[in-house]
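# Structural features, examined
The primary structure of each chain is shown beneath.
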Amino acid sequence: MGKTRTRPWDPAEHLETEEDMAAYLNVALEENDLGLIMATLGDIARARRMAVVAQEAGLGREGLYKSLSAEGNPEFSTVLKVVRALGLRLQATASAEGTSD
């Protein structure tokens, strides 16, 4: 029997609709992990073609790749530009856990 060839799973290949992208980002936002959120935005931007997203956000492509990595730490204004360029919207809801004093 021959060897099975595999390749790494790339979420960007499976993000086909805006609804897919919004659901994927919402799951990341629920985790409250900045690295995960940035990597998720990066996956979505790659699905939409990073160069196009960078141009629409008014940012450089290379800098955007770096910002939207798990190690990236972009300014919030950059995140907002990217989210807008992706055709998405951030929305706040009340936490089911409430607040702590």
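Here the residue numbers are simple positions, counted from 1 along each chain's written sequence. Predicted model: local features are reported for residues with pLDDT of at least 70 only, side-chain atom pairs are reported and counted for 80 or more only, and whole-chain, interface and lining totals are derived from all residues. Side-chain measures here rest on the full set of heavy atoms in the structure, leaving out hydrogens and waters.

## Overview of the layout of surface pockets
Taken as a whole, the largest pocket holds about 590 Å³ of empty space. Only protein atoms enter the calculation, which uses a 1 Å grid: trapped sets of points that fit a 1.4 Å probe without letting it out are cavities, open sets showing protein on both sides within 12 Å along at least five of seven lines are pockets, and any residue with an atom within 4 Å of a point is a lining residue. Around the largest pocket sit 18 residues that line it, and N26, L29, E30, Q91 and T93 are the ones nearest its centre. Its residues assigned to classes, the lining of the largest pocket shows eight nonpolar, six polar and four charged. Grid points are joined across faces, edges and corners, and a volume is the space filled by probe spheres set on the points. Three classes are used, and their members are as follows: Ala, Val, Leu, Ile, Met, Phe, Trp, Tyr, Cys and Pro are nonpolar, Asp, Glu, Lys and Arg are charged, and the others, Gly among them, are polar.

## What to know about the nonpolar core
One finds L41, I44, V53, L64, L68, L86 and L88 to be the most contacted residues of the largest nonpolar core, which totals 21 residues. The numbering of helices and of strands both runs from the N terminus, where a helix is a DSSP run of H or I of at least 4 residues and a strand a run of E of at least 2. Among the elements of the structure, α1 (18–30), α2 (34–47), α3 (50–57) and α5 (76–85) are those that each provide at least two residues to this core. Among the elements that line this core, the one with the most residues is α2, at five residues. Once residues within four sequence positions are removed from consideration, L64 is found in contact with M50, V53, A54, L59 and V82. Residue types Ala, Val, Leu, Ile, Met, Phe, Trp, Tyr and Cys, when buried and joined through side-chain atoms within 4.5 Å, form a set referred to as a nonpolar core. In this scheme, a residue with accessible area under 20% of its type's maximum is buried, one over 50% is exposed, and one in between is partly exposed, where area comes from a 1.4 Å probe on protein chains only. By the convention used here, residues are in contact when the closest approach between their heavy atoms is within 4.5 Å.

## Description of the confidence of the model for the protein chain
pLDDT runs from 0 to 100 and stands for how confident the predictor is about each residue. In this model, the protein chain carries an average pLDDT of 90, and 96% of its residues clear a pLDDT of 70 or more. Confidence, expressed as mean pLDDT per element, reaches its minimum in the protein chain at helix α4 (residues 61–67) with 91 and its maximum at α3 with 95.

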